[in-house]
Every structure is written in C-alpha cells, then in structure tokens.
Amino acid sequence: MAASTTTSLSAEGFWADAERHLVRYGGAFTREIIDRAAGSFLFTADGRKILDFTSGQMSAILGHSHPQIVATVQRQVATLDHLYSGMLSRPVVDLARRLAGTLPAPLEKALLLTTGAESNEAAIRMAKLVTGKHEIVSFARSWHGMTQAAASATYSAGRKGYGPATPGNFAIPVPNAYRPDFTTADGSLDWRRQLDFAFDLIDAQSTGSLAACLVEPILSSGGIIEPPAGYFAALHQKCRERDMLLILDEAQTGLCRTGTWYAFERDGVVPDILTLSKTLGAGLPLAAVVTSAEIEQEAYERGFLFFTTHVADPLVAAVGNTVLDVLIGDKLDERARSLGAFLREGLANIAERHAVVGDIRGRGLLAGLELVVDREAKRSSDELGARITRRCLELGLHMNIVQLPGMGGVFRIAPPLTATEEELSLGLTTLDKAIGDICATL
C-alpha cells in the first residue's frame, strides 16, 4: 500500500508523527514547525518569525534562500546534478581551481565531499597513509564529526557507550584564557607551558606513530575558544619536530566568517591539510579537503582510496562556485569584520548590564558569550543557560548554547554574513531582554 503524503497535518499530528517515526539524534527537537526561511529569518507553520542567530547549523553564511544560490540550484539540477564518482564536470574543476586561488601555497589540490565529518575522515585517512603512521592528536573539547575516525578525534561529546575508539587517539588541553589551567605569575594563561606539558604527555603515550594533529582554529562546540596568538605557530613546530602533519578543521571559521578568508591567516601558519564544510556550501552539503601537490602525489602513489557516492558531485560544486562569487563580489570578509565589531560592542553592553555574562570571545561573526552565576568564581549553571535559550525562542530569537563540564553555558552566535546592523540590533535587544527576564526570577 502506497504511503500517503500530506503537509496539512495539525501541529499535534505533526509532533505525534515525529515522535513515532524519527530517530532522535542529539537532544530534544526545537518545538517549532519550520515552514520556510529567508535571509536571516525562519518562519514557522503558525506564522511566527524567528531571527536565526546560528545561520542554520552554523552554515548558511549567505542567509537562507539567497537568490543567487536559488538560481544556481535551479539551473544546475536541471542540467547536471550527480555523476558516477569517477567522472568529472566543469563545476568541480572550477571550484577546485578557485579554492586554490583563495589559499596560500602550497595548498592547491582539493577533494570535494559532502559533510565536515567526511572531510575530516578523508584528511585523517590521507595523513595516515602518507606518513605511514596512525596516531592522531586533537583538542580535549574538539568536535570533528560523528563518523569513526572523526568521532575518535572528537572529545566534547559522544564518546561514551560506543565501545573502543580508533586506536591511537590522544587529547591535549585547550588553551582557554578565561579558565586557565597553567598560569603565569599574574594569573593569566601560560599556554606555552601548557603546550609543552601536553606534548610531554603525548610523547609518553605514543608508540612512535604520530601521524597528525587535527584541530579547529576556534573551537565551536568547545565553547567558542580561540587559542592565543602564537599558539598555532608553536603547535605547528611541535608537529614538525615529530614529523606529524597539521590538519586544520575550518568547517565554521573558513570562508570569511571570522573577518578573513581563513582563520589560520591570523597566525601566519599554513596547514598541511585543510578541511572545509558548512560555510563552503552555505547550507548545502558540500565539503572539501585541500592539501599540497606533494602530499597528494604521495597519497596517490600509495593508493589513496576515498571513493564515495557523492564525491565530486556537480550540483553542490556549482553552489560552491556561487558562494565564492558572492563572498568576493560583496566583500563579505570586510563585512564580517565590521559587523563583528558591531556585534562585539553590543555584547559588551549586555555584559555591563547583566552580571551573569562572564566572558565574551570569538572573532568576526563567530562570537561566544559565556554565562556564569558567579563572576568572581566563574561558577556555571546548566539551568540558567537552558532557561535563557528558551526565553530567547519565545521572544523570536533562535540561539544555540553549548554546555560542557567545568564551563558555563556558552552561546554560539553566528548570524549570516549578509545580516544587517538592524537585524543584529534586534538579536542583541532580544537577548538582552531574555537575560533580564530570567535573571529577574532568580
């Protein structure tokens, strides 16, 4: 019997079907039925307008339903959408060439995939093959994906209950200036001593098979933590001393969100392998692994295999080309810098009015706001963050909060690069009211 299709279910029927038929894949679903989205806003089935301060899943950097993306999808899907994985099309080669043009030498070879997890999986696989080693080092609050190798390098969530991770994965501490573990005489973070200590431990545990270090330039699910200037140069040197490759995961920081095309530009460090996703497809499933010709040649000679159903698909590659068109044409790196300064000033004003704001951090249009119930002791409260998040949604603002042991709840704020100052002001005003409303009940 053919299954019926309908979009006229009542809200009660919708949620009954969701409860009956959907696998829950991470916490509770937001109790809103999203009907459409445009620009910086979501629109619910019951007519509510919600400002999206997360760009979907931190991906829709051009906002929702950007006219040029819509036109590209409509045109491309009608001519060439998907191919046998060994075939090539112009959009794929064009995107690989153009990505190389946005990057410093020697990054010039690209593999186009679908998700961030998949790109990290491929990068790890390539690093292991090229080095002939298998051990991977990552930050203790990292998120690199939920497939096997990526999940084994992910420490912020999802490790318990699934059996052994991939052998040879090690975590190093996150250089968190707000909550320092190694300190100087004045109490500030001593990241050099922390990094030395971390690699002393790595060396003690390693079997002599260190292949790569996989890290995010700004940890997102880890609480929008940006390592201090100089850290990545020192980390790169640690890798060189051990013949390890440095893999940077710029799923959320790449392609102008932080005010530069790539977050690693601040540190003057070029990774051996760069992974991109989220922002590259502006909300559509597109990811990339970019590396040097030398590493690609070595991988090829050793029989590198990453043959997937949607590798080098022309439809999303065409979208990626349009994303680059808009980023360049609208100078969205400059826009992210100016809007980021505007957002940061607004968050600082909120912090002046509300003692529960412990810290503001991030870069460009990727900002973090950490909540505490005691500024002096930096004591956190899961309940406080959850209540403010719910109040924001009630007031028409979608916010995402991450809560990790030993940290306060941290709002991850990542509006589209196409947002206006008026939209940012609306979000800031709404957040301010939500915090005030909840704090008044404490």
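Structural data are supplied above this passage.
Quick caveat, the model's predicted, so the values are computed rather than measured.

Counting secondary structure elements, the protein contains 13 helices and 15 strands. The C-alpha radius of gyration of the protein comes to 22 Å, within 12% of the 22 Å expected for a compact globule of 442 residues. On the principal axes, the C-alpha backbone points of the protein span a range of 65 × 60 × 45 Å. Looking at the protein residue by residue over its 442 residues, the buried ones come to 54%. Within the protein, residue pairs in contact and separated by at least 24 positions form 72% of the contacts whose partners lie at least 6 positions apart. Counting only carbon and sulfur atoms, one obtains 53% of the accessible surface of the protein, whose full area is about 20000 Å².

Looking at the secondary structure, you find Lys238 in helix 8 (residues 231-241). Within polar-contact distance, the side chain of Lys238 engages the side chain of Asp196 at 2.6 Å. If sequence neighbours within four positions are ignored, Lys238 has contacts with Leu195, Asp196 and Phe199.

For the rest of this paragraph, the subject is the packing of helix 5 (residues 116-131) against helix 9 (residues 293-301). Helix 9 packs onto helix 5 with a crossing angle of 75° between their chain directions and a minimal axis gap of 9 Å. As judged from the angle between their axes, helix 5 and helix 9 are roughly perpendicular. Residues Met126, Leu129 and Val130 of helix 5 pack against Ile295, Glu298 and Ala299 of helix 9. Grouping the constituent residues of the contact of helix 5 with helix 9 by class yields 5 nonpolar, no polar and 1 charged.

Our next topic: empty space enclosed by the protein. One pass over the full model with this rule turns up 1 cavity of 30 Å³ or more. If you add up the space inside the largest cavity, you get close to 40 Å³. As for the largest cavity, its lining consists of Pro217, Phe232, Leu248, Ala263, Phe264, Asp267 and Val269.

With that settled, the discussion passes to the packing of aromatic side chains. Taken as a whole and judged by the stated rule, the model has 9 aromatic pairs. Between Tyr25 and Phe29, the aromatic rings sit 5.4 Å apart at their centres with planes inclined by 75°, giving edge-to-face as the arrangement. The class for Tyr25 is exposed, based on a relative accessible area of 70%. The class for Phe29 is partly exposed, based on a relative accessible area of 31%. Among the aromatic residues, ring-to-ring pairing joins Phe139, Trp191, Tyr231 and Phe232 into one connected group. Its end group placed over the ring of Phe43, Arg36 keeps NZ or CZ at 4.0 Å from the ring centre. Directly above the aromatic system of Phe41 lies the positively charged group of Lys49, at a separation of 4.3 Å from the ring centroid.

This part covers helix 10 (residues 314-329). Counted at 1.5 Å a residue, the expected span for helix 10 with its 16 residues is 22 Å, and the 22 Å between its end C-alpha atoms agrees. Count one or two residues on from helix 10 and you reach Lys331, which has phi positive near 50°.

Residue position: Lys378 is located in the loop between strand 12 (366-371) and helix 12 (382-394). Along the primary structure Lys378 and Ala122 are separated by 256 residues, whereas in three dimensions their C-alpha atoms are 39 Å apart. Aside from chain neighbours lying at most four places away, what touches Lys378 is Tyr178, Arg179 and Val372.

By definition, the strands of a sheet pair up through backbone hydrogen bonds, in either a parallel or an antiparallel sense. Strand order across the open sheet formed by 4 strands is 1-2-3-13, with mixed pairing between neighbours. Both outer strands of the open sheet, strand 1 (34-38) and strand 13 (397-398), are each paired with one neighbouring strand and no more.

Tallied over the full model, the rule gives 20 salt bridges. The shortest N-O distance in the salt bridge between Arg240 and Asp272 comes to 2.8 Å. In this pair, Arg240 is assigned in helix 8 and Asp272 in the loop between strand 8 (245-249) and strand 9 (273-276), connecting sequence segments 32 residues apart. Given a relative accessible area of 35%, Arg240 falls into the partly exposed group. By relative accessible area, Asp272 is classed as buried at 11%.

The subject of this paragraph is the layout of surface pockets. One number sums up the size of the second largest pocket: a volume of about 660 Å³. Taken together, 24 residues line the second largest pocket, and the ones lying closest to its centre are Ala110, Leu111, Glu296, Phe304 and Val311. Sorting the residues of the lining of the second largest pocket by element identifies helix 4 (90-101), strand 4 (107-113), strand 10 (287-292) and helix 9 as the ones contributing at least two each. No other element matches strand 4, which puts 5 residues into the lining of the second largest pocket. Tallied by class, the residues present in the lining of the second largest pocket amount to 18 nonpolar, 3 polar and 3 charged.

About the thresholds
- Residues numbered from 1 in each chain as written.
- Predicted model: local features only at pLDDT ≥ 70, side-chain atom pairs only at ≥ 80, totals over all residues.
- Heavy atoms only, no water.
- Helix = DSSP H or I, 4+ residues; strand = E, 2+ residues; numbered from the N terminus.
- Rg over C-alpha atoms; globule rule 2.2 N^0.38 Å.
- Buried < 20%, exposed > 50% of the residue type's maximum accessible area, 1.4 Å probe, protein only.
- Contact = heavy atoms within 4.5 Å.
- Areas by Shrake-Rupley, 256 points an atom, 1.4 Å probe, with all protein chains shown as cover.
- Polar contact = N/O pair within 3.5 Å; in protein donor to acceptor, adjacent residues only side chain to side chain.
- Axes fitted to C-alpha atoms, helices over the stretch in contact; angles between N-to-C directions.
- Parallel < 35°, antiparallel > 145°, perpendicular 65-115°, else oblique.
- Nonpolar A, V, L, I, M, F, W, Y, C, P; charged D, E, K, R; others polar.
- 1 Å grid on protein atoms, 1.4 Å probe; cavity = no way out; pocket = protein on both sides within 12 Å on 5 of 7 lines; lining within 4 Å.
- Points joined across faces, edges and corners; volume = space filled by probe spheres on them.
- Phe/Tyr/Trp six-rings, centres within 6.5 Å; stacked < 30°, edge-to-face > 60°.
- Lys NZ or Arg CZ within 6 Å of the ring centre and 35° of its normal.
- Expected span 1.5 Å × (residues − 1).
- Pairing = 2+ DSSP bridges.
- Salt bridge = Lys/Arg side-chain N within 4 Å of Asp/Glu carboxyl O.

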